[in-house]
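Here is what each chain is made of, one letter per residue.
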Amino acid sequence: MIKIALPAGDLRPPVADVLISSGLHVEGYGEGSRAYRLSVRGRDDLGVRVFRERDIPIQIALGNYDLGVCSLSWVKEMQAFFPAQPIVPVCDLGAGAFGVYAASSIIVGGRLREIAALPSVRIASDYPNLAEAFAMAARLPRYRVQSVWGAAEAYPPEDADAVVIAGANEAAVRAHGLLPLHCLLQSSAWLIANAASLRRKELASVIGPLMSAAQPGGTPDVSLPAPVPSNGVRRDAAEERTAVRMAIPDGHQQRHVVDALVDAGLTFAGYDETACVRRPASGIDGLEVKVVRPHDMPQLVALGQFDIAITGRDCLLEHLHRFPSSPVQELVDLQRGQYNLSAVVTEDLPADTIEDALAHWRREGKASIRVASEFMGTADYYARSRHLWRYQVMPIAGASEGFVPEDAELLIEGTETGKTLRENRLKPIDLLYRSTTCVIGRKGATLDGQSKTVFDHVLGALRRAGEAAGSV
Amino acid sequence: MSDSMRPPGMRDWLPDDMARFRRIEQAFRDVCLGWGYEEVRTPTIEHLHLFTSAGTLSPQMLGRVYSFLDWDGWTGERVVLRPDSTIPVARLYAENEDPGAVKKLFYVQNVLRFAQGDESREDWQCGVELIGDMQPVGDIELVLIAAEVLQRLGLDARIKLSDPGILRAVLSRAGYSLPEQLALYDRVLDGELSVLDEVAGRISGTGAPVRSLLSMEGDGVAYLDNLLSALRAAVPEIERSVADLRVVSGILSEVGREHAIAPLLVRNFEYYTGPVFEFYVDGVRVGSGGRYDSLIGLVGRGDVPASGLALEMDVLASVIGDGARQGAAVVIRPEAAERAAMAAAFSLAGELRSAGRAFRIAGAGEPAGGCEIVASGEGFTLRLNGSAPRQIARAADVVSALSEAGL
C-alpha cells in the first residue's frame, strides 16, 4: 500500500485538478468530501489521507506517509530548524504559487539596516523557523520571533516591527501596509516523498503520472539576506503608550465573545455576529481594541503589548504549560464556549482509562507512544505527568480526528458534545480540564490615572457578565 | 528511532576514558596555573543573541547550535546550549572586569553543537583566553602554553601558524562579499584549490601563482618574506597580517619551537583578526587558537585585544596512552554477610581512609585481587599477591602491614 497525504484548504481544488489530469482520481477530494480517508478510483494499492497542509511534511518525515503534496514553504519551514529530516522534494506541481516575504512596518522603514538599528526587533510569523533563519542570517543582534497562528500581517506596527508572511507578490505584501524587505522563497505545491520510501518502495505508479504535471527547474532554496553590519547606532525604544489595549478573538470564539460583550454593555463597532474588522472602534476614550488569534493572546499579554484579552482557557493553559513563569493570569471566567479537553483513543482500544491504555500498549510492545495535538505544550505536560515514558508529541494544525489510530495512539483534543468523536470511532479516556472563554491579564500590571479607570471599567463590566452567565 | 537510550552524538565516558580525561585536565591546569592564569567557568545556557552579531559565531556554526525557548521564554527570545566558550568568556570579561584590564583566564568545559549521525555533538575543551593589550607577546605565550601541555602528555606536536587576514585580503581585493568569502574559504579548505585560480584571475598583477603560494606550508620567516614579496604589489593589504605573523614566527624560532606557516588553515574564521595557530599530533588536529581583537567590542565593552586557545579533550584522549590507571589496589572482603564481619570491614575501611589509602570493598562473587583482606568478627586475614595468609587482629595493624609490604 502506498500512503499519500493530500492537503485540505485552499490548495485542495488545484491539487485535485492536477491529480485528475494525471489519471489519479481521488474519490471525493475535489468535491470537498469531509472524510479524512479517501480511496483512489481503480487503485486498491493507494490510500489517501487529507491533512491540514502544514502537517504534511511532519507526516512524511515521520514515515507515516510515503508521498505527500503541500506547499514547498511548509517543507522549508520544517527544514529551517530540522535540516536532516528525511524529506525529498520530488517535483513542482505548479499549483498555488506564492512568495514568502520578510517585510517591515512602514514606521520602521523598508531597509534591513533600519531594522538592525532597533534596540530589539519583534518579528511575527506563522513561519517561525524561517523567521529565525532570516534574523540569524541578517545577524540581527537582538530579536525575538513571535510564533503566531495566523494573520501575522496584522501585527505591525503596534505589535511587531517585522513579519515573515506568505503573499502572492510584493504588491500583495504592500497591500497590508508593509514594506517588503526580502523574498525568502518562491513556493508552490510540490510532490514530496519520504526518503526511505523513495529508496526502498515501489512508488513509480504515482510519481510517474504526476511527473507529467511537473514544472521545469530545480528545488528552490531559501534565500537569506547577507549579514547587516552592526553600526552601533541604536534607535530609542518606542514611546510608552497611554491607552489601554484590549485583544478580542476571531474564529469560533467570536460568537461567544460578542455575547459576553453585549451582556457587559460593551459595543465595539465592526465586531459583532456578522462583522470582524481588525481594529474595531471601542467608543471608550483611552481604550484601543484589536482582533488577534486567541492562541496568540497570552504571549501578547505577557509581553505587555495588551493589558487585557479575551481568549479560551485552553490557549492560556497551553501558554502556561510551555512557559510556567509567564506573568499571564485568568481574571474572569466568562462561562461561555465550554468544552472538554480530553485524551482520546480509538473506540477499538480495550481500555477505559489512560492507565489501562498504557498497560495495553506496553503489552503490545509499543516502543513509543505517539501523541497528536494542536496543543503541543499541554500534550507534552500531559505525557510527562501521566508517565507515558517514551513518547513523541506530534504537532498538528487541524483535521485531528483522523490521526488515531493509524498515525497516533493518543489525541489531546477538545470535545463539546462527543458527536464528532463518535462519528470518527474515537472515545475520550481522560479529562485534562474544562475550557471556557475567559478574560486574561498580566500579573503585577501597573496602571494608573485614566488607564486604570478604563481598565477597571472594562474588567468590571466583563466580570458582571461572567457572573450573570454562571448563574443561569 | 534508535534502540539506544543514549541520544546520537553523545558519549559515555567510561572509567578508562575518565582516567585519560583527568590526566589531560591536570596537565592543562598545572601549566595554566604555572603561567599565571586563573580558572573560570561559564553557564551551560546562554542567550542566543550573544552569538548572532556579525563577527561572532560563523554562519556554519550558528546553523548547528541547540537553541530553544526556555520555560520562561514567552518573550520569544531563544537561549542556546553553549556552542562555543570564547564568546561567553568575552561576555564574562565584559560584565565583570574593568575595560582594558589584562585578564589571563582558563577553563575546562564542554561545548554542544549539532552534528550528523554519530559524529560528536558534545566536545570538551581545555581553553585559555588572554584578554587585554598583550600582543604579540600573548600570541607567543599561548603557543608555548599549548606546546608545554602537549609535551607533558608525552605528545610530539607539530605547530602550524597562519593569519586569516592573508586570504581575507586576497578575497576582498578580488571583490568578493563577506558571505562569498566564507563560502570560498570553506571550498578551499575542503580541498578545492582550483578556487584560488578563479580568485587570482580577478586580481590584476598578482604575478606569482597565488594558488601554489597560498596552498603550500612554508618554514618560518623566510617563507613569509617570499609570500609578501610576491603578493604585496597586487594585494598590499596583506602586509599587516604578514608582519604580525612574522613577529610571532621569529620569536618562536628563537626559543626553539619549530613550526610551519600555512596560509590556509582555520575554518569558521569570522572572529579571528590576527595570527592563528593549530597543533597536530600524528596528523590529527588536537587544538587551535588565535587572535580576536573585535570580539570584546561585539559583546559591548569597547575595543580590547584578545587571543585564545582551545585543546580538544576528546581528540587528546584518543591519542595519549593509557598511562597508570588510578584505582584501588587493596580489596576488603567481609567474610560473610553478617554483622560482625561487616563491622570489621568498615572499621578497617575507616583506618585506611584516615591513612589516606585507597581500597575497594568487594561485591558478591568478585574475584580475589592482588591484595585481599578478609574481614571477620575475629580479625583480618591478609593475602598479598598469592603469599601465605597472615592473621592480624587489629585494623590499625593491617595498615602498618600494608606499609611494610610497600603497598
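Treat the numbers as computed from the prediction; the structure is a model and nothing was measured. (Residues numbered from 1 in each chain as written. Chains lettered and ligands numbered in written order. Predicted model: local features only at pLDDT ≥ 70, side-chain atom pairs only at ≥ 80, totals over all residues. Heavy atoms only, no water.)

Some words on the pairing of strand 11 (residues 306–312) of chain B
All names here are of chain B. Most of strand 11 is tucked away: seven of the seven residues are buried. Along strand 11, one buried face is formed by Ala306, Gly308, Ala310 and Glu312 and the opposite face, lined by Ser307, Leu309 and Leu311, is buried too. Direction of pairing for strand 6 (residues 122–131) relative to strand 11: antiparallel, over a ladder of seven bridges. The residue bridging Cys126 from the neighbouring strand is Leu311, located in strand 11. In the sheet, strand 10 (residues 284–291) pairs with strand 11 via five bridges, with the strands oriented antiparallel. When the bridges of strand 11 are listed, Gly289 appears paired with Leu309. (Buried < 20%, exposed > 50% of the residue type's maximum accessible area, 1.4 Å probe, protein only. Helix = DSSP H or I, 4+ residues; strand = E, 2+ residues; numbered from the N terminus. Pairing = 2+ DSSP bridges.)

Let's talk about unusual backbone geometry
Residues and elements named next belong to chain A. Of the consecutive residues Pro156 and Pro157, the connecting peptide bond is found in the cis state with omega at 0°. Look at the link from Val404 to Pro405: it is a cis peptide, with omega at 10°. Topologically, Pro405 is positioned in the loop between strand 20 (391–395) and strand 21 (410–415). For Ala151, which is not glycine, the phi dihedral falls at a positive 55°. Its location among the elements puts Ala151 in the loop between strand 8 (143–147) and strand 9 (162–167).

Let's talk about empty space enclosed by the protein
Residues and elements named next belong to chain A. All told, the structure shown has four cavities of 30 Å³ or more when counted by the stated rule. Within this model, the largest cavity holds a volume of roughly 70 Å³. Around the largest cavity, the lining residues are Ile4, Leu6, Leu19, Leu24, Val26, Val40, Leu46, Val48, Val69, Leu191, Val206 and Leu210. The set of elements that each furnish at least two residues to the lining of the largest cavity consists of strand 1 (2–7), strand 3 (43–51) and helix 8 (204–211). For the lining of the largest cavity, the per-class residue count stands at twelve nonpolar, no polar and no charged. (1 Å grid on protein atoms, 1.4 Å probe; cavity = no way out; pocket = protein on both sides within 12 Å on 5 of 7 lines; lining within 4 Å. Points joined across faces, edges and corners; volume = space filled by probe spheres on them. Nonpolar A, V, L, I, M, F, W, Y, C, P; charged D, E, K, R; others polar.)

Considering the nonpolar core
If you look at the biggest cluster of nonpolar residues, it comprises 81 residues, and the most contacted ones within it are Ile123, Leu140, Tyr143 and Ile192 of chain A together with Ile87 of chain B. Top contributing element to this core by residue count: helix 4 (residues 86–96) of chain B, with six residues. Aside from chain neighbours lying at most four places away, what touches Ile192 of chain A is Ile56, Pro57, Ile60, Asp66, Leu67, Gly68, Cys70, Val75, Ile87, Val88, Pro89 and Val90 of chain A. The next biggest cluster of nonpolar side chains, apart from the first, holds 67 residues, and it includes Leu144, Val170, Leu228 and Ile238 of chain B. (Core = buried A, V, L, I, M, F, W, Y, C linked by side-chain atoms within 4.5 Å. Contact = heavy atoms within 4.5 Å.)

Some words on the interface of chain B and chain A
Tallying the contact residues gives 30 residues for chain B and 30 residues for chain A. Where chain B meets chain A, there are two salt bridges. Here chain B is connected to chain A by four residue pairs in polar contact (both at pLDDT 80 or more). Across the side of chain B that touches chain A, the residue classes break down as twelve nonpolar, 13 polar and five charged. (Salt bridge = Lys/Arg side-chain N within 4 Å of Asp/Glu carboxyl O. Polar contact = N/O pair within 3.5 Å; in protein donor to acceptor, adjacent residues only side chain to side chain.)

Here we look at helix 1 (residues 15–34) of chain B
All names here are of chain B. Its 20 residues give helix 1 an end-to-end C-alpha distance of 28 Å, which sits within 8% of 28 Å, the value for a rise of 1.5 Å per residue. All buried positions along helix 1 are accounted for by Asp17, Arg20, Phe21, Ile24, Glu25, Ala27, Phe28, Val31 and Cys32. Down the axis of helix 1, the sector holding all buried residues measures 160°, keeping them to one side. Across from the buried face of helix 1, at angles greater than 90 degrees, the exposed residues are Pro15, Gln26 and Gly34. On the buried face of helix 1, the contacting elements are strand 5 (103–112), strand 6, helix 5 (137–152), strand 11 and helix 13 (313–319). Phi for Gly36, located one or two positions after helix 1, is positive at around 85°. (Expected span 1.5 Å × (residues − 1). Arc of directions from axis to C-beta.)

Notes on the domain arrangement of chain A
Residues and elements named next belong to chain A. Each domain of chain A was delimited in the assignment, giving domain 1 (2–95 + 188–211), domain 2 (98–186), domain 3 (244–338 + 436–470) and domain 4 (339–435). Spacing between the C-alpha centres of domain 1 and domain 2 amounts to 29 Å. Of the roughly 840 Å² buried between domain 1 and domain 2, counting both surfaces, carbon and sulfur atoms make up 62%. Taken together, the connections running from domain 1 to domain 2 amount to zero salt bridges. Applying the counting rule to domain 1 against domain 2 returns four residue pairs in polar contact (both at pLDDT 80 or more). (Domains from an automatic or database assignment. Buried area = accessible area lost by both parts, 1.4 Å probe.)

A look at the packing of aromatic side chains
Evaluated as defined, the whole model comprises eight aromatic pairs over all chains. Judged by centre distance (5.2 Å) and plane angle (85°), the rings of Phe51 of chain A and Tyr65 of chain A are edge-to-face. Pair noted here: Phe51 of chain A is in strand 3 and Tyr65 of chain A is in the loop between helix 2 (56–62) and strand 4 (67–71), with a separation of 14 residues, a long-range link. Assessed through its relative accessible area of 0%, Phe51 of chain A is described here as buried. Considering the side-chain rings of Trp13 of chain B and Phe21 of chain B, the 5.1 Å spacing of their centres and the 80° angle between planes classify their relative orientation as edge-to-face. For the pair formed by Trp13 of chain B and Phe21 of chain B, the shared burial category is buried. Members of the aromatic cluster, joined through ring pairs, are Phe51, Tyr65 and Phe403 of chain A. Directly above the ring of Trp13 of chain B sits Arg11 of chain B, whose terminal nitrogen or CZ lies 3.8 Å from the centroid. (Phe/Tyr/Trp six-rings, centres within 6.5 Å; stacked < 30°, edge-to-face > 60°. Lys NZ or Arg CZ within 6 Å of the ring centre and 35° of its normal.)

Quick word on the domain arrangement of chain B
Domain annotation of chain B identifies domain 1 (15–319) and domain 2 (330–404). Averaged C-alpha coordinates put domain 1 of chain B and domain 2 of chain B at centres separated by 53 Å.

Overview of helix 1 (residues 12–21) of chain A
All names here are of chain A. Of all the positions in helix 1, only Arg12, Val15, Ala16, Val18 and Leu19 are classed as buried. Taken around the axis of helix 1, the buried residues stretch over an arc of 160°, which confines them to a single face. Exposed positions of helix 1 whose direction lies more than 90 degrees from the buried face are Asp17 and Ser21. Buried positions along helix 1 lie against strand 1, strand 3, strand 4, strand 11 (189–194) and helix 8. Immediately downstream of helix 1, the backbone of Gly23 shows phi near 85°, a positive value.

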